Amino acid sequence: ADGARAVPAAEVEAAPVAEEQYDVIIVGAGMAGIVAARMLTDAGLRVTVLEARERVGGRLVALQVPGGAIDQGAMWIHGGEAGNAVYDAAVEANLTLSPRQNYGSLTLFDAQGARSSPASYLRAYTQLNSRLIPQMAALRATPGAPDTSLAAEYSAFLDSATLSPQQVDQANVIMHTRWQALLNGNITRLSVLRLNDAKVLPAVDVMLEGGMPALADELAQGLDVLLDTVVTGIEHSADLVVVRTEGGETFTAKHAVVTLPLGLLKSGAVAFTPALPEEKAAAIDSMGYGLLDKAIFVFNTSFWDTGSDFLLREMPDWSGRWSVFLNYQKLFPSVKALVAIHVADTALALEGMSDDEVVDEGMAVLRQMYGPDVPEPIQTSVTRWAADPFSAGSYSYFAVGNPRNMTRALAAPVGRLLFAGEATSDKPASVLGAYLSGVREAERILTLRGDGNYSYGLAPPSVEAALQAAG
Ligand SMILES: Cc1cc2nc3c(=O)[nH]c(=O)nc-3n(C[C@H](O)[C@H](O)[C@H](O)COP(=O)(O)OP(=O)(O)OC[C@H]3O[C@@H](n4cnc5c(N)ncnc54)[C@H](O)[C@@H]3O)c2cc1C
């Protein structure tokens, strides 16, 4: 990175329309930004990436632990098989992929921590599949049906199903892991009409040995990335974009690709001048942006059912508090770790506690499940994605009432400002979506480049052009 390319603020103030320094400024070095920068740089354009953190990767970050690494952000390559751009990029980069995650391999505990019966769990699962899913499919198939929350549909299902009290606890954990945890939104806010529209990738999930950041590092190699560079303002006109940073630097370019997480766009942490159009602002406001946090416990010895992919604890409610532990050792035998996954309001509540409090609570649950001799962990980590100033949450979801084309509104260019990032993608909430959105915006610039002036079809005509046209 070459900080010297920044135009000192004073110089810009003296000459507001500074000579363009870059063809494209990319705001954010997550997967979307890196991929866009890669394509545009490879095409010979002058590109710089401005990144607030001291590292690239954004929501791809991992904890180094004995025997390997554990992803604190995204960990699964959903739809992880040949033809999936993220999978293919990992293969091309010679990164080692894990075996497929098998969601059928579960160890069940009841709410008190006693071993639970798989047969009874399966019956609850069958009822959910045979009643709730068709009930929601029927709603989706009804033209003009008003949207409703997953919680409303689930409550109606519970009222009509014939479940024992324990099967209700089991249905709760199924509901939680199948939708709430995946979509990272509270089920009172998850849209039923859009339930199948996020993370709709084939159920083939693999991980990267050593964690997902290696892929970001690989794709970012050789790019001009300025780290520790917090963007605070983006000014845009018919022919220029001026990006200002917290450090008082100013960068100018013909285009900017904004890959700020939806949470950052919602918070207004970056000022757009002129303000974003109403339709875009409304989409930013109403698209859901959720929270998924992980509590990571690393041990010297494994005391749990190491053949299982997940340990599930049935619950009398759908909060999901300590009801899902992912067994990392299943896919990575040298990593002796359990990862508890919390989402939405429960995750937010845990963010309000200290790390020690969270770890103590989790350990008490593990001792309920596996007995008092469960050893102390040798390493722990508690993520706080909501409190993270450069993420402000985890990823987007369709909230009740969000139309399917909401992501299109988020993706729509505004003059010379282009928008990428998972929330702008047709496959929101995923690394693949972020990747493909970066490709989309790079292609948009390359396609529109035309005569070398990058004359941008959607930009309003310049004053001169308008005067000429008027004769
Ligand atoms: C806990 C968690 C688990 C997840 N699990 C999965 C999973 O298993 N599989 C999956 O496919 N997806 C998963 N996701 C979603 C996935 O991580 C994201 O969809 C994807 O990584 C987003 O990439 P992006 O480029 O859109 O955004 P980001 O990676 O967030 O990149 C945006 C960049 O902008 C930077 N930035 C923010 N503010 C500023 C500023 N003011 N100035 C300059 N730079 C700024 C950020 O630091 C960041 O680097 C998960 C996400 C989280 C948080």
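Residues numbered from 1 in each chain as written. Predicted model: local features only at pLDDT ≥ 70, side-chain atom pairs only at ≥ 80, totals over all residues. Heavy atoms only, no water.

On to the overall build of the chain, then. Along the chain, the regular secondary structure elements total 15 helices and 18 strands. Here the chain has a C-alpha radius of gyration of 24 Å; the compact-globule value for 471 residues is 23 Å, and the two agree. In terms of overall dimensions, the chain has a C-alpha envelope of 80 × 55 × 40 Å along the principal axes. Each of the 471 residues in the chain was classed as buried or not, and the buried ones make up 56%. Taking the contacts inside the chain whose residues are at least 6 apart along the sequence as the reference set, 74% of them involve residues at least 24 apart. (Helix = DSSP H or I, 4+ residues; strand = E, 2+ residues; numbered from the N terminus. Rg over C-alpha atoms; globule rule 2.2 N^0.38 Å. Buried < 20%, exposed > 50% of the residue type's maximum accessible area, 1.4 Å probe, protein only. Contact = heavy atoms within 4.5 Å.)

With respect to spatial proximity, 39 residues lie near the ligand, and among them Glu 51, Arg 59, Trp 76, Val 231 and Val 431 are the closest. Taking Ala 32, its main chain carries an N or O atom lying 3.0 Å from an oxygen atom of the ligand. A distance of 3.1 Å separates a nitrogen atom of the ligand from a polar backbone atom of Ala 52. In the complex, the protein chains occlude 99% of the 1000 Å² of accessible area that the ligand would expose alone. Every element with two or more residues in the shell around the ligand is listed here: helix 2 (31–42) and helix 14 (431–448). Looking at side-chain class alone, the shell around the ligand contains 22 nonpolar, 12 polar and 5 charged residues. (Near = heavy atom within 4 Å. Polar contact = N/O pair within 3.5 Å; in protein donor to acceptor, adjacent residues only side chain to side chain. Areas by Shrake-Rupley, 256 points an atom, 1.4 Å probe, with all protein chains shown as cover. Nonpolar A, V, L, I, M, F, W, Y, C, P; charged D, E, K, R; others polar.)

Attention now goes to the packing of aromatic side chains. Per the counting criterion, the structure on display carries 15 aromatic pairs. Measuring from ring centre to ring centre gives 6.4 Å for Trp 76 and Phe 310, while their planes differ by 45°; the resulting arrangement is tilted. Of this pair, Trp 76 sits in the loop between strand 4 (68–71) and helix 3 (85–92) while Phe 310 sits in strand 13 (residues 310–313); the two residues are 234 residues apart in sequence, bridging distant segments of the chain. Both residues of the pair, Trp 76 and Phe 310, count as buried. By the ring-pair criterion, three or more aromatic residues cluster together here, those being Phe 109, Phe 299, Phe 303, Trp 304 and Tyr 370. (Phe/Tyr/Trp six-rings, centres within 6.5 Å; stacked < 30°, edge-to-face > 60°.)

Quick look at the confidence of the model for the chain now. Taken over all residues, the pLDDT of the chain has a mean of 90, while the share at 70 or more is 90%. Scored below 50 in pLDDT, residues 1–18 makes 24 contacts in the model with residues more than four places away or belonging to other chains. In the model, residues 451–471 has pLDDT below 50 throughout and makes 22 contacts with residues more than four positions away in sequence or in other chains. Both scores are given for the predicted complex: the pTM is 0.92, the ipTM 1.00. (pLDDT = per-residue confidence, 0-100.)

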